[in-house]
Amino acid sequence: MGQDASKHSASASPVSDELRMILVGPPGAGKGTQAPRIKEKFHVCHLATGDMLRAAVTAKTELGQKAKQVMDAGELVSDDIMVGLIKENLDSNPECAKGFILDGFPRTVPQAEKLDQMLDAKHQKIDHCIELRIDDALLVSRIVGRLIHPASGRTYHDVTHPPKVANTDDVTGEPLIRRSDDNAETLKKRLTTYHQQTSPVVEYYQKKGVWSSVDASASSSAVWQSLNAIFSQ
Ligand SMILES: Nc1ncnc2c1ncn2[C@@H]1O[C@H](COP(=O)(O)OP(=O)(O)O)[C@@H](O)[C@H]1O
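Conventions adopted
Residues numbered from 1 in each chain as written. Predicted model: local features only at pLDDT ≥ 70, side-chain atom pairs only at ≥ 80, totals over all residues. Heavy atoms only, no water. Helix = DSSP H or I, 4+ residues; strand = E, 2+ residues; numbered from the N terminus. Rg over C-alpha atoms; globule rule 2.2 N^0.38 Å. Buried < 20%, exposed > 50% of the residue type's maximum accessible area, 1.4 Å probe, protein only. Contact = heavy atoms within 4.5 Å. Lys, Arg positive; Asp, Glu negative; His and termini not counted. Charge placed at Lys NZ, Arg CZ, Asp CG, Glu CD. Domains from an automatic or database assignment. Buried area = accessible area lost by both parts, 1.4 Å probe. Salt bridge = Lys/Arg side-chain N within 4 Å of Asp/Glu carboxyl O.

> How should the overall build of the protein be read in this particular structure?
The helix and strand inventory of the protein stands at nine helices and seven strands. Against the 2.2 N^0.38 benchmark of 17 Å for 233 residues, the protein shows a C-alpha radius of gyration of 17 Å, consistent with a compact globule. Along the first, second and third principal axes, the C-alpha set of the protein runs to 45 × 40 × 35 Å. With 233 residues in all, the protein has 44% of them scored as buried. Restricting to contacts in the protein with at least 6 residues of sequence separation, those with at least 24 account for 72%. Distance from the positive charge centre (28 side chains) to the negative charge centre (30 side chains) of the protein: 1 Å.

> Can you help me understand the domain arrangement of the protein in this one?
Accessible area lost when the parts come together is the quantity often used to give the size of an interface. When cut into domains, the protein gives domain 1 (3-136 + 185-231) and domain 2 (146-181). One C-alpha centre belongs to domain 1, the other to domain 2, and the line joining them spans 22 Å. Here domain 1 packs against domain 2, burying approximately 580 Å² in sum over the two surfaces, 29% of which is carbon and sulfur. Among the residues of domain 1 in contact with domain 2, Arg-54, Asp-72 and Arg-190 are the three that bury the most area, contributing 58% of the side total. A salt bridge links Asp-181 to Arg-190; the shortest N-O distance between them is 3.8 Å.

> Please clarify how the environment of Ala-67 should be interpreted in this entry.
Along the chain, Ala-67 turns up in helix H4 (residues 62-72). Separated by 33 residues in the primary sequence, Ala-67 and Gln-34 have C-alpha atoms spaced 25 Å apart. For Ala-67, the residues in contact, after removing those within four places along its chain, are Leu-53 and Val-77.

Here you go:
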């Protein structure tokens, strides 16, 4: 990031700099809430691999059919498939011209290494890897009551943030869904997978000197403030 971004980053107004970043954190940490705000501020693309896979499941593509079983088991889709999905977007999605927010990728060290190779070939690099840190114990209630508007990614919660009309998106009036993997049992497995396979990704970016973390147990507006503080460093 250049100096321009730091001058403006405390305000909510868009800035014109480039940004290439990774948001990492366990399921329910708030990646899907913060990423659209970052996207709006920096005019970069938001690549959420979980959303891409769920779109493939809904479209009943070959990839979707394979991915559904893996996702419902709380396990990871193969590195090759995920790297291919990201590469396709970084190469051809016009929204990614000024940078990207990766949400849900890289989730393994081999994925991080492949990403570096892709970026090296374009003479680009990761500016930030920001970890949303939160205790597992707080995630169960966040995830198990979660309702989602798939088209926008807006999330609601049965208790803490219910929609105005039951099961209906406040903005579009469209129906909300519950993810099939948002149940206590699959969540337990997703958290184990996260600690085993994705925690080493955090170390990978710590060693590269681009890692920072925020306290994701705070309110979403407090988390947004912490993110802005990192962008203006
Ligand atoms: N980079 C990835 N590598 C492997 N599997 C992935 C990746 N991204 C998403 N998935 C699959 O999609 C599921 C849902 O992803 P996501 O929506 O990011 O979930 P979470 O809320 O658990 O962070 C994961 O549990 C995994 O099965």
